[in-house]
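So the chains spell out like this:
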Amino acid sequence: MKIVVTGGAGFIASHIVDAYVERGHEVHIIDDFSTGQKANLNAKATLHTIDIADAQAGQLIEQFFDGDVTEAWRGDAIAVEDR
Ligand SMILES: NC(=O)c1ccc[n+]([C@@H]2O[C@H](COP(=O)([O-])OP(=O)(O)OC[C@H]3O[C@@H](n4cnc5c(N)ncnc54)[C@H](O)[C@@H]3O)[C@@H](O)[C@H]2O)c1
């Protein structure tokens, strides 16, 4: 499954990234490094260094998921899974 985790370079969401990677998912991180750190990044995840509020972030999600989204959590971290 393709999964986007926002804030994936941060403390909490980096653990969410690790858990998804461990389960064999294709994980994409969206993070602007306002407080995140490179040291938190999972090497098996794909990094997109952009602000989640930018139109580019929405376009990226649409491009990856073709609008076929089953779940989204909003807050400090957002994970979007496709079917
Ligand atoms: N070692 C530790 O115990 C430790 C370390 C760090 C933090 N903490 C605690 O964890 C909590 C904070 O952790 P957290 O994971 O919620 O915060 P965080 O700041 O670590 O993570 C938030 C992530 O979201 C990113 N981000 C913020 N705005 C963004 C935007 N507009 N677009 C894209 N990315 C954006 C940041 O760059 C960061 O990577 C606090 O309670 C803190 O005290 C504990």
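Computed from a predicted structure; not experimentally measured.

Novice: Can you tell me about the overall build of the protein chain, naming the residues and giving the values?
Specialist: A count of helices and strands for the protein chain gives 2 helices and 5 strands. In the protein chain, the order of α-helices and β-strands from amino to carboxyl end is β-α-β-β-α-β-β. Sequence separation of at least 24 residues holds for 49% of the intrachain contacts in the protein chain that already meet a minimum separation of 6.

Novice: Kindly report on the site of the ligand, identifying the contributing residues and their values.
Specialist: The ligand sits among 18 residues. The nearest are Gly-7, Gly-10, Ile-12, Thr-35 and Gly-36. Broken down by element, the shell around the ligand gets its largest block of residues, 3 residues, from helix H1 (residues 11–22). Of the residues in the shell around the ligand, the class split is 8 nonpolar, 6 polar and 4 charged.

Novice: Describe the confidence of the model for the protein chain, listing the residues and the values that go with them.
Specialist: Taken as a whole, the protein chain shows an average pLDDT of 83; of its residues, 77% reach a score of 70 or greater. Across the protein chain, the element-wise mean pLDDT spans from 49 in strand E4 (residues 69–72) up to 96 in strand E3 (residues 46–48). Overall, residues 69–76 carries pLDDT values under 50, and its contacts beyond four positions in sequence, including any with other chains, amount to 11 contacts.

Novice: How would you explain the nonpolar core if you had to name every residue and give the values?
Specialist: It is characteristic of soluble globular proteins that their nonpolar side chains tend to be buried jointly. Counting residues in hydrophobic clusters, the biggest one holds 13 residues, and the most contacted among them are Val-5, Val-17, Val-27 and Ile-29. A total of 4 residues in this core trace back to one element, the largest contributor, which is H1. When neighbours within four sequence positions are excluded, Val-27 is seen to be in contact with Ile-3, Val-5, Val-17, Tyr-20, Val-21 and Ala-45.

Novice: Outline unusual backbone geometry, listing residues and values.
Specialist: The phi dihedral of Phe-33 is positive, around 60°, even though this residue is not glycine. Counting through the fold element by element, Phe-33 comes out in the loop between strand E2 (26–30) and E3.

Novice: Can you tell me about the pairing of E2, naming the residues and giving the values?
Specialist: Most of E2 is tucked away, with 4 of its 5 residues classed as buried. By the bridge criterion, 5 bridges tie strand E1 (residues 2–6) to E2 in an arrangement that is parallel. The residue of E2 that forms the bridge with Lys-2 is Glu-26. Considered for its hand, the β-α-β crossover made up of E1, H1 and E2 is right-handed. Bridge count between E2 and E3: 3 bridges; the pairing is parallel. Within the sheet, the bridge partner assigned to Ile-29 lies in E3 and is Leu-47.

About the thresholds
- Residues numbered from 1 in each chain as written.
- Predicted model: local features only at pLDDT ≥ 70, side-chain atom pairs only at ≥ 80, totals over all residues.
- Helix = DSSP H or I, 4+ residues; strand = E, 2+ residues; numbered from the N terminus.
- Contact = placed C-beta atoms within 7 Å.
- Near = placed C-beta within 6 Å.
- Nonpolar A, V, L, I, M, F, W, Y, C, P; charged D, E, K, R; others polar.
- pLDDT = per-residue confidence, 0-100.
- Core = buried A, V, L, I, M, F, W, Y, C linked by C-beta atoms within 7 Å.
- Buried ≥ 20, exposed ≤ 12 C-beta atoms within 10 Å, placed from the backbone.
- Pairing = 2+ DSSP bridges.
- Right-handed = clockwise from strand over helix to strand, strands pointing away.

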